[in-house]
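Below, each chain spelled out in residue letters.
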Amino acid sequence: MDRRTAERLDLDDPLAGLRAEFDIAGDRPVYMDGNSLGRPSRATVEAVHRAAADWAGRLVGGWQEWIDLPSVVGDRLGRLVGAGPGQVLVCDSTTVNLYKLAAAALDARPGRDVIVGAATDFPTDRYVLEGLAAATGRRLVLLDAPDDDPAALEDRLAATVGDQTALVSLSHVHYRSGARLDGRSVTELVQGRGALMLWDLAHSAGSVPVDLDGWGADLAVGCSYKYLNGGPGAPGWLYVRRGLHGRLRQPIWGWFGRADQFAMGEGYVPAAGIGSHLTGTPPVIGLRAVDAGLELLERAGVAALWAKSQRLTALLAEMVEEDLVPLGARLASPSDPDRRGAHLTVGHTGAWTWCRALVDGDLVIPDFRAPDRIRLGPAPLYTRFTDCFDAVRMMAEVLAAGPAPAGGPARVT
Ligand SMILES: *Cc1c(COP(=O)(O)O)cnc(C)c1O
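Below you will find a few notes about this structure. These figures come from a predicted structure and were not determined experimentally.

Before going further, it helps to spend a moment on the packing of helix 2 (residues 42–58) against helix 10 (residues 284–300). Helix-helix packing is described using two parameters, namely the angle between the two axes and the distance between the axes. As a packed pair, helix 2 and helix 10 sit with axes 8 Å apart at the nearest point and diverge in direction by 145°. Helix-helix and strand crossings are classified by hand; for helix 2 and helix 10 the assignment is right-handed. Residue-level contacts link Ala43, Thr44, Ala47, Val48, Ala51, Asp54 and Trp55 of helix 2 to Ile285, Arg288, Ala289, Ala292 and Gly293 of helix 10. Broken down by class, the residue content of the contact of helix 2 with helix 10 amounts to eight nonpolar, two polar and two charged.

So, in structure tokens, the structure goes:
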């Protein structure tokens, strides 16, 4: 791989023009953490300003319109993940939505006492399942497979899910390795054994194709501050298949989920449709930011985002093999591109000090992932092929400059 090739890929990139929608101050450091916190587009910054002005101008009268934003923005987000209207809400945090949907699923499978998750899944996912297992007296089975081997995880799943399984909850794209599960076949397997399937799409939505209705998915949750660029603390989202509406009861009985909310009536009666999965007052400013982020992703189109993501990770993978493996690093993501999402991870015993040197030197902003990984998350809307090229070159230079001492961080944030 040479820089000329990366430059040519930038010239041929149909999405290259969209980088101009973001205020990006200079070429260094190279931001490789768009899958942890996406950049704000200019339109998103304007949307946040407009939302504040709208608040000042309309005061409480604004609720006429604001109150529908979770489902209005939800329908828009749904188009990005293959969900027809009326099945997605943008609300609460990903963690809270995971809890709500997992609890509702368990409630709908009373005779079954096993919850299945993955031992290497994102911590909040494991903790939420652990908490629900404790609260409902169920057994939590965490599938044990290397995080960069999605086929092994699928094999374990097939050997584990049975007639006692109430719920399976898994990430479609693994937060650390980028390993990608087969959404359709996993969903079919789980449903074929009578359990409900809950997908975490935090690292999929906005970069990787997802077809919730096509998969026949039951339930899903995701973030809006990663590839969707909704900003720090932007609300999460949830999907409940239409066929389950009215059949799942979520555990937080708030006034926004009640039928005829403003009658302020006695007792809780769930609203019809997806609305019963709301809880309380929606985060309006965050919703406006998410909406602006979605507009830009729509302009790009999922097919083009995915095509570029695959090319970006292919370039990174090639350079990891060429430039970093000889220096003692390893590709800690699946080597098969058909089993990867949109990010890539490199393993090295000195990953923590290596990562610090990259950040402190204003060279590259990657993500350290305990205990020994560096995660590279190019964002197809604004990361260039030359950014990826330069990032790996700088990683190689830092690594070659001196053996990174082994050891971990004093404190992981
Ligand atoms: C980022 C991420 C989350 C984040 O949950 P929050 O409630 O927004 O903190 C959850 N699950 C996965 C898999 C993630 O990658």
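Let's shift gears to the nonpolar core. One finds Leu157, Leu170, Trp199, Leu212, Trp237 and Leu381 to be the most contacted residues of the largest nonpolar core, which totals 52 residues. It is helix 10 that provides the largest number of residues to this core, a total of seven residues. Residues in contact with Leu157, not counting those within four places in the same chain, are Val116, Leu143, Val168, Leu170, Val186, Leu189, Val190 and Arg193. Counting 32 residues, the second-largest nonpolar core is a separate cluster that includes Leu312, Leu324, Ala391 and Met394.

With that out of the way, let us pick up the site of the ligand. What surrounds the ligand is a group of 13 residues, the closest being Thr95, Asp200, His203, Tyr225 and Lys226. A distance of 2.6 Å separates an oxygen atom of the ligand from a polar atom in the side chain of Tyr225. Burial of the ligand by the surrounding chains reaches 85%, relative to a free accessible area of 390 Å². At the level of secondary structure, the elements contributing two or more residues to the shell around the ligand comprise helix 5 (94–107) and helix 6 (123–136). When its residues are assigned to classes, the shell around the ligand shows four nonpolar, six polar and three charged.

Looking now at the environment of Gly17. Its location among the elements puts Gly17 in the loop between helix 1 (3–11) and strand 1 (30–31). Overall, the relative accessible area of 55% leaves Gly17 in the exposed class.

Moving on to helix 10. The terminal C-alpha atoms of helix 10 lie 25 Å apart, and with 17 residues this matches the ideal 24 Å at 1.5 Å per residue to within 8%. With 12 of 17 residues buried, helix 10 lies mostly within the body of the structure. When we look at burial in helix 10, the residues that qualify are Val284, Gly286, Leu287, Arg288, Ala289, Val290, Ala292, Gly293, Leu294, Leu296, Leu297 and Ala300. Residues of helix 10 that are buried sit in contact with helix 2, helix 3 (63–66), helix 4 (69–80), strand 2 (88–90) and helix 11 (302–324). Looking one or two residues past helix 10, Gly301 carries a phi angle of roughly 90°, positive in sign.

Turning our attention to unusual backbone geometry. For the bond running from Arg28 to Pro29, omega is -10°, close enough to zero to count as cis. Within the secondary structure layout, Pro29 lies in the loop between helix 1 and strand 1. Across the junction of Ala370 and Pro371, the peptide omega takes the value 0°, indicating a cis bond. Mapped onto the fold, Pro371 is located in the loop between strand 12 (367–369) and strand 13 (373–376). With a phi angle near 55°, Asp362 is a residue other than glycine that sits in the positive phi range.

Of all the five residues making up strand 3 (residues 114–118), five are buried; the element is thus mostly covered by neighbouring parts of the structure. Because side chains alternate across strand 3, one face comprises the buried residues Val114, Val116 and Ala118, and the other comprises Ile115 and Gly117, equally buried. When strand 3 meets strand 4 (residues 139–143), the two strands line up parallel, connected through five bridges. From the neighbouring strand, Val114 faces strand 4, where its bridge partner is Arg139. The β-α-β motif built from strand 3, the intervening helix 6 and the parallel element strand 4 has right-handed crossover chirality. Pairing between strand 3 and strand 5 (residues 165–171): three bridges, direction parallel. Residue pairing in the sheet places Val116 in a bridge with Val168 of strand 5.

Analysis parameters
- Residues numbered from 1 in each chain as written.
- Predicted model: local features only at pLDDT ≥ 70, side-chain atom pairs only at ≥ 80, totals over all residues.
- Heavy atoms only, no water.
- Axes fitted to C-alpha atoms, helices over the stretch in contact; angles between N-to-C directions.
- Helix = DSSP H or I, 4+ residues; strand = E, 2+ residues; numbered from the N terminus.
- Left-handed = near helix turned anticlockwise from the far one by under 90°.
- Contact = heavy atoms within 4.5 Å.
- Nonpolar A, V, L, I, M, F, W, Y, C, P; charged D, E, K, R; others polar.
- Core = buried A, V, L, I, M, F, W, Y, C linked by side-chain atoms within 4.5 Å.
- Buried < 20%, exposed > 50% of the residue type's maximum accessible area, 1.4 Å probe, protein only.
- Near = heavy atom within 4 Å.
- Polar contact = N/O pair within 3.5 Å; in protein donor to acceptor, adjacent residues only side chain to side chain.
- Areas by Shrake-Rupley, 256 points an atom, 1.4 Å probe, with all protein chains shown as cover.
- Expected span 1.5 Å × (residues − 1).
- Pairing = 2+ DSSP bridges.
- Right-handed = clockwise from strand over helix to strand, strands pointing away.

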